[in-house]
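Each chain is listed here by its residues.
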Amino acid sequence: MKRPALESRFARSERMVGRRIGDAYVIVPIDGHGADLDTVLNLNRVAAFVWEQLDGERSGAGVVDAVVSRFDVDRAQAAADYLELLGTLLELGAVVPSRGSAR
Amino acid sequence: MPPFLEGLAAADLVKTARDQGVACLLLGALETERPAWAAPLLEPLAAERRATLVRSLGQIALCARVQGLLEAQGIRSLPLKGAVLAETVYDAESDRAMSDVDVLALERWPDAIAALVAAGFAEIARGDHAWAFRDPGSGAVVELHRSVVSAPGLFPMDAEGLWKRSRPGRGQLRRYPSSEDLLVQLALHAAFQHGLVLSLVQWLDFRRVLEREALDLERLQALSARSRADAPVAAALAVAEAVVAAPVPDALRPWLAASLPRGMRRFIEPRLGEPLAFVASEPPSLARVRWELLAGRRAELVWRTLVLPETPEGETRFVSRMAAAGRRAVRLLRRQPPAPPGQPRTPATEVHDLGEPPVAPSSLARTDGAPAVPPEVPFAEALLRDCLSAFPQVRLTVSGRCMEPALAHGDKVRLVGASRRPPRVGDVVLARQTDGLRLHRLVWGPPLVPPGWPWRTKADRGLLLDPPLAAEDVLAWVETIEGRPRARPRRTAQALVSLAFALAARIRLGRRATEAEATR
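Note that the coordinates shown come from a computational prediction; the quantities given were computed from them, not determined experimentally. (Residues numbered from 1 in each chain as written. Chains lettered and ligands numbered in written order. Predicted model: local features only at pLDDT ≥ 70, side-chain atom pairs only at ≥ 80, totals over all residues. Heavy atoms only, no water.)

Caption draft 1: Fine view of the interface of chain A and chain B. Listed as interface residues are 17 residues of chain A and, on the opposing side, 19 residues of chain B. Buried area between chain A and chain B, summed over both chains or domains, comes out near 1,400 Å², and the portion from carbon and sulfur atoms is 67%. Across the contact surface, chain A and chain B share 1 salt bridge. A salt bridge links Arg19(A) to Glu93(B), with the nearest nitrogen and oxygen atoms 2.6 Å apart. Where chain A packs against chain B, one counts 1 residue pair in polar contact (both at pLDDT 80 or more). (Contact = heavy atoms within 4.5 Å. Buried area = accessible area lost by both parts, 1.4 Å probe. Salt bridge = Lys/Arg side-chain N within 4 Å of Asp/Glu carboxyl O. Polar contact = N/O pair within 3.5 Å; in protein donor to acceptor, adjacent residues only side chain to side chain.)

Caption draft 2: Structural context of the environment of Arg96(B). Residue and element names in this part refer to chain B. On the secondary structure map, Arg96 appears in the loop between α4 (82-88) and β2 (101-105). Judged by relative accessible area, Arg96 falls into the buried class, the value being 6%. With 72 residues separating them along the chain, Arg96 and Cys24 place their C-alpha atoms 8.2 Å apart. Apart from the residues within four sequence positions on either side, Arg96 is in contact with Ser56, Gly82, Leu85, Ala86, Tyr90, Val201, Gln202 and Asp205. In this structure the side chain of Arg96 is engaged in a polar contact, spanning 2.7 Å, whose partner is the side chain of Asp205. (Helix = DSSP H or I, 4+ residues; strand = E, 2+ residues; numbered from the N terminus. Buried < 20%, exposed > 50% of the residue type's maximum accessible area, 1.4 Å probe, protein only.)

Caption draft 3: The pattern of salt bridges, seen in detail. Residues and elements named next belong to chain B. With the rule as written, the count across this model stands at 31 salt bridges over all chains. Note that Glu269 is salt-bridged to Arg265, the shortest N-O span being 3.5 Å. Taken as a pair, Glu269 and Arg265 lie in helix α12 (residues 262-272) at a separation of 4 residues, close to a single helical turn. On the basis of relative accessibility, which here comes to 26%, the residue Arg265 falls in the partly exposed class.

Caption draft 4: View of a nonpolar patch on the surface. Residues and elements named next belong to chain B. Together, Trp303, Phe318, Val319 and Met322 make up an exposed nonpolar region whose accessible area comes to about 410 Å². No other element matches the 3 residues that helix α15 (residues 318-334) contributes to the nonpolar patch. Here Met322 shows up in helix α15. (Patch = residues over 30% accessible without salt bridge, like charges linked within 9 Å, V, L, I, M, F, W, Y side chains within 5 Å. Areas by Shrake-Rupley, 256 points an atom, 1.4 Å probe, with all protein chains shown as cover.)

Caption draft 5: Layout of the sheet that holds strand β10 (residues 428-433) of chain B. All names here are of chain B. Pairing within the open sheet is antiparallel, and its 6 strands lie in the order β8-β9-β13-β10-β11-β12. The open sheet terminates on both sides in strands that have one partner only, identified here as β8 (394-397) and β12 (456-458). Taking the axes of each pair of neighbouring strands and ignoring which way they run, one obtains an average angle of 50 degrees across the sheet. Note: β8 against strand β9 (residues 412-417), 4 bridges, orientation antiparallel. Residue pairing in the sheet places Thr397 in a bridge with Lys412 of β9. (Pairing = 2+ DSSP bridges. Axes fitted to C-alpha atoms, helices over the stretch in contact; angles between N-to-C directions.)

Caption draft 6: A look at the sheet that holds strand β5 (residues 141-145) of chain B. Residue and element names in this part refer to chain B. The mixed open sheet is built from 5 strands, whose spatial order is β1-β2-β5-β4-β3. The two strands at the open ends of the sheet, each matched to only one other strand, are β1 (77-80) and β3 (122-126). Shown here is a sheet whose adjacent strand axes are inclined to one another by a mean of 30 degrees, direction ignored. With 5 bridges joining them, strand β4 (residues 130-134) and β5 adopt antiparallel strand pairing. By the bridge assignment for β5, Arg134 is matched with Val141. Of the strands in this sheet, β1, β2 and β5 are in contact with helix α3 (residues 39-72), which crosses β2 at around 20 degrees.

Caption draft 7: Summary view of the side chain of Glu143(B). Residue and element names in this part refer to chain B. Relative to the helices and strands, Glu143 is located in strand β5. No salt bridge is formed by the buried Glu143; its nearest oppositely charged neighbour, Lys81, is found at 5.3 Å. Within polar-contact distance, the side chain of Glu143 engages the side chain of His145 at 3.5 Å. (Lys, Arg positive; Asp, Glu negative; His and termini not counted.)

Caption draft 8: Structural context of the confidence of the model for chain B. All names here are of chain B. Mean pLDDT over chain B: 82, with 85% of residues reaching 70 or higher. Here residues 336-350 is modelled with pLDDT under 50, and outside its nearest four sequence neighbours on either side it reaches 30 contacts, counting other chains as well. Overall, residues 355-379 carries pLDDT values under 50, and its contacts beyond four positions in sequence, including any with other chains, amount to 72 contacts. In the model output, the complex is listed with pTM 0.66 alongside ipTM 0.72. (pLDDT = per-residue confidence, 0-100.)

Caption draft 9: Focus on the packing of aromatic side chains. All names here are of chain B. Counted according to the given criterion, the structure contains 4 aromatic pairs over all chains. With centroids separated by 5.2 Å and ring planes inclined at 75 degrees, the aromatic side chains of Phe155 and Phe192 adopt a geometry described as edge-to-face. Of this pair, Phe155 sits in the loop between β5 and α6 (159-165) while Phe192 sits in helix α7 (residues 179-193), and the two are 37 residues apart along the sequence. Note on accessibility: Phe155 and Phe192 belong to one class, buried. Positioned over the ring face of Trp163 is Arg175, at 5.3 Å from the centre of the ring. It is Arg271 that lies over the ring of Phe267; its NZ or CZ is 3.8 Å from the centre. (Phe/Tyr/Trp six-rings, centres within 6.5 Å; stacked < 30°, edge-to-face > 60°. Lys NZ or Arg CZ within 6 Å of the ring centre and 35° of its normal.)

Caption draft 10: Region of interest: the environment of Ala76(A). By secondary structure assignment, the location of Ala76(A) is in helix α3 (residues 75-92). Distance from Ala76(A) to Val64(A), taken between C-alpha atoms, is 9.1 Å for residues 12 residues apart in sequence.

Caption draft 11: Broad picture of the nonpolar core. Ranked by internal contacts, the top residues of the largest apolar core, which has 99 residues, are Leu144(B), Leu196(B), Trp203(B) and Phe206(B). With 10 residues, helix α10 (residues 230-244) of chain B is the single largest residue contributor to this core. Every residue in contact with Leu144(B), bar those within four places of it in the chain, is listed here: Leu70(B), Val103(B), Ala105(B), Trp109(B), Ala112(B), Ile113(B), Leu116(B), His129(B), Ala130(B), Trp131(B) and Phe133(B). One finds Ala48(A), Val50(A), Val67(A) and Leu83(A) within the second-largest nonpolar core, a separate group that totals 28 residues. (Core = buried A, V, L, I, M, F, W, Y, C linked by side-chain atoms within 4.5 Å.)

This is the structure:
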């Protein structure tokens, strides 16, 4: 799979639902094949924040900016972490490229 | 947070919380207060919460998908109960576990059924108010309703009004019923469908709706009156207040007090001091509650219970429905629920509102992690048991000739519940045998056997004894036979002679079998 670029926009897939339960944030597939615990993804605080930013409007660079302004992390590290998380989410089908995205 | 009860095992607490549908709420409370005793509970409850979240989200997705399928056919529908509550009055879907999801079809019932079948859903059970289907993909169960509770029409459903008052969904579901409709539906379900015995989370639903939904109290009263549900609403709110401290608005109290029938009040009030009487798995007095709720409408209750909108074969002609009603009446008394034509029976744990097939009490201890919801007691036995405990005598028509001449086919007998006066050897008893309820003579039982020993019954014209019975399998005994005032149903000497003959027959048959074995 081609590595996503920071300019691209991604949106949360409609087949995934993210929920905060207690101290954890999980995203759960809700397609017609039932809930499979193995495909549930636990997100840490930063990853949960990134997940909530993936609205299809904001570019990757915009998400990284938001992370940097919210958490104590330098931009290069935030960008690398963002792209790694995005790769995982794409593999799971948890996010989809936004329409018109220059991916 | 109360101190941990001495002698209570952590695993038992987790199991009970799960059975009552409150495991995730318990975890939330423990995480907030962190009592020392809670440490061993946190991990199993966290696993439970994660599993419940995944399951609930999948169930709600299924509910939304069914709504979409119906909408594609131009059929309006609304979700009912758990799925709506999980998205509206609980903080997360994991806080409101469900055994299945319910969708109310507001129109074109046959087309709604056809839409699900065409989409590959498999019918697994039928009730008069809802059919249960299994989603072929997830295996989850959806109940498609045409009425909120059994006996459609008893609480009239204003489909247009329901739709007009409904509101857009905030989560996966497309639309929700209005808050007032939701509360009326919950009350009908609690009172009429489940005889005021629910799991804790189902009672908590009332509290959450009252706390978190902006209810228009005038509209609530108007809707209750229009759907003739004043009594169920009054009864359910009274119980919810006792069980989970549901904050019933003071402004409603005069109306609620006036709406509760006298008999219902007599039933509820002594129990309010012991609210666990309303929590599963206490057996509901379903027939009694329905009877009291429908004060002034009892003939209609019987009519709508027996005469369904169509026969199991789909016939809607009046004559066919009446014939089916007769068969249903007999079946209810004999406890023989029908299977859908050509369909295997549903596993007992899968469908909770349809009442078929009978649900064993042990099914409350589920192993699949889903909460136990109080099963609707199979109506026939519930009806019989409740009638026997509520009334001094219950009338039953004898079928079959195995008790002649003591009881003839067609005789009408008056039964007295075993809880009112224990039967004795010589009585003709109504007992649950392996093949259903039977009126046979008690030939071995009190006062001849010590407590805990099995009892034996036998048909007067039968050769052998019936299988051994536990005392609780004997529901009632025959006190009188109508139209035969001089008949004596109890015949102690005959019972003992009958027992002796049965034992002799058994010995004889055993000897023949031995001889046959020897000559082979």
